[in-house]
Every structure is written in C-alpha cells, then in structure tokens.
Amino acid sequence: MRNILLAALVLFLAATEAAATQQVYIRGLFGMVFSPGIKELAAINKQKHICWCNARKVTKELAAKKKPVVIVGHSLGADQALIMAKNLKAKGVPVKLVVVYDATRKFDMKGIPTVNFRSRDFRAKDVQNAKNIYRPDLDHIDVTTDPEVRAKTLRLLVQALD
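Cut-off values and rules
Residues numbered from 1 in each chain as written. Predicted model: local features only at pLDDT ≥ 70, side-chain atom pairs only at ≥ 80, totals over all residues. Heavy atoms only, no water. Helix = DSSP H or I, 4+ residues; strand = E, 2+ residues; numbered from the N terminus. Contact = heavy atoms within 4.5 Å. Buried < 20%, exposed > 50% of the residue type's maximum accessible area, 1.4 Å probe, protein only. Pairing = 2+ DSSP bridges. Patch = residues over 30% accessible without salt bridge, like charges linked within 9 Å, V, L, I, M, F, W, Y side chains within 5 Å. Areas by Shrake-Rupley, 256 points an atom, 1.4 Å probe, with all protein chains shown as cover. Salt bridge = Lys/Arg side-chain N within 4 Å of Asp/Glu carboxyl O. Lys, Arg positive; Asp, Glu negative; His and termini not counted. Charge placed at Lys NZ, Arg CZ, Asp CG, Glu CD. Phe/Tyr/Trp six-rings, centres within 6.5 Å; stacked < 30°, edge-to-face > 60°. Arc of directions from axis to C-beta.

(A) Main features of the overall build of the chain. Counting its secondary structure elements, the chain contains 6 helices and 6 strands. Contacts spanning at least 24 positions in sequence make up 57% of the contacts within the chain whose residues lie at least 6 apart.

(B) Summary view of the pairing of strand 1 (residues 22–27). Burial analysis of strand 1 places 6 of its 6 residues in the buried class, the great majority of the element. Bridging between strand 1 and strand 3 (residues 69–74) involves 5 bridges; their strand directions are parallel. Of the residues in strand 3, the one forming a bridge with Y25 is V72.

(C) Region of the structure containing a positive patch on the surface. Taken together, R56, K60, K66 and K91 make up a surface patch of like positive charges. Its location among the elements puts K60 in helix 4 (residues 55–65).

(D) A look at the packing of aromatic side chains. By the definition in use, this model includes 1 aromatic pair. Aromatic side chains Y101 and F117 sit 5.6 Å apart centroid to centroid with 20° between the ring planes, which places their arrangement in the stacked category. Highlighted residues: Y101 in strand 4 (residues 95–101) and F117 in strand 5 (residues 114–119), separated in sequence by 16 residues. We classify Y101 as buried; its relative accessible area is 0%.

(E) Structural context of the environment of I26. By secondary structure assignment, the location of I26 is in strand 1. Between the C-alpha atoms of I26 and G77, which are 51 residues apart in sequence, the distance is 4.8 Å. Every residue in contact with I26, bar those within four places of it in the chain, is listed here: I38, I50, C51, W52, I71, V72, G73, H74, G77, Q80, A81 and M84.

(F) Focus on helix 4. Where helix 4 is concerned, the buried positions are A55, V58, T59, L62 and A63. Considered in projection along helix 4, the buried side chains sweep an arc of 140° and stay on one side of the axis. Residues of helix 4 that are exposed and point more than 90 degrees away from the buried face comprise K57, K60 and A64. The inward-facing, buried residues of helix 4 abut strand 1, strand 2 (49–51), strand 3 and helix 5 (76–90). Looking at the residues trailing helix 4, positive phi occurs at K66, about 60°.

Written out as structure tokens, the structure is:
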C-alpha cells in the first residue's frame, strides 16, 4: 500500500510540475504577418502569443512566479526569447527549453537547452551551445510554418512539458 501511495504521489507531483510550466510564444517584428507559425503554435498549446516588444515586461512576470518555463520565438522574437531565457536563468527560474526560428543576433546559450531552426535568410544566425538546424530550403516566414519543423517543435515541447 505504501508503494502505491508513493507512486501516486510521484505521478501527482510530475503532473503538477508539468502543468506549472509556463509557456511563452514571442512573435517578431510585424509578427502577425512574418511570424504566423508562432501564433499557430501558441493556439495548438492553448497559450497566448506576445509581441517581441513586450518581452521585458513578461520576463519580470515570469521571474516573480519562479515556475519552470519554455520559450519559443521567431526573428526579433527569437532574440528576445534568448535574452529572456538568460535573464530568467540568472534569476533562478528553471528554463526547460528554448526553441527559436531565425535568431538575428549571436548568442551563447551555454547551460540552457536551446534549439535554433535557421532558414536561408541572410539575417539568421547560428546560436552557440544550441542545436542549430539549418534549413536552406525555407525562407524567413516558412521556417515557422513548415510541417516538418512544426512536428519537430511539437515533439520538443511535449518532451519539455512532460
């Protein structure tokens, strides 16, 4: 009986932790036009998406909650996602995963699980200490909506939220 109660407690705590993981989806400049995949990913996961320009405010809100976080961003939203992750980690917030599409600046994400999908766009940069997946067949907009990239992203999110 004790083992059953212990197993139930472990399952409850795991489910509680997964439910407590905060998710942030950050659009880039003119995001409703250039970041359509971010809006769609947020909808699939029943979350809101934010403008890159609101990232600083949201970072403060997330830091105050101290709950684990998963962050997804595109273009300028990718840059803000990477900055947000570094700032949250520095404040003691567990960053479970960062997924970005076409980050436009160089970042070093040492110690933060990060995946960067990079299109052929001239502005897109690799991210140091991240898994960089180069897709020369995609442009800056398609990288957020491509079915293969979407499937990989959803798998990564499921694993991080598990």
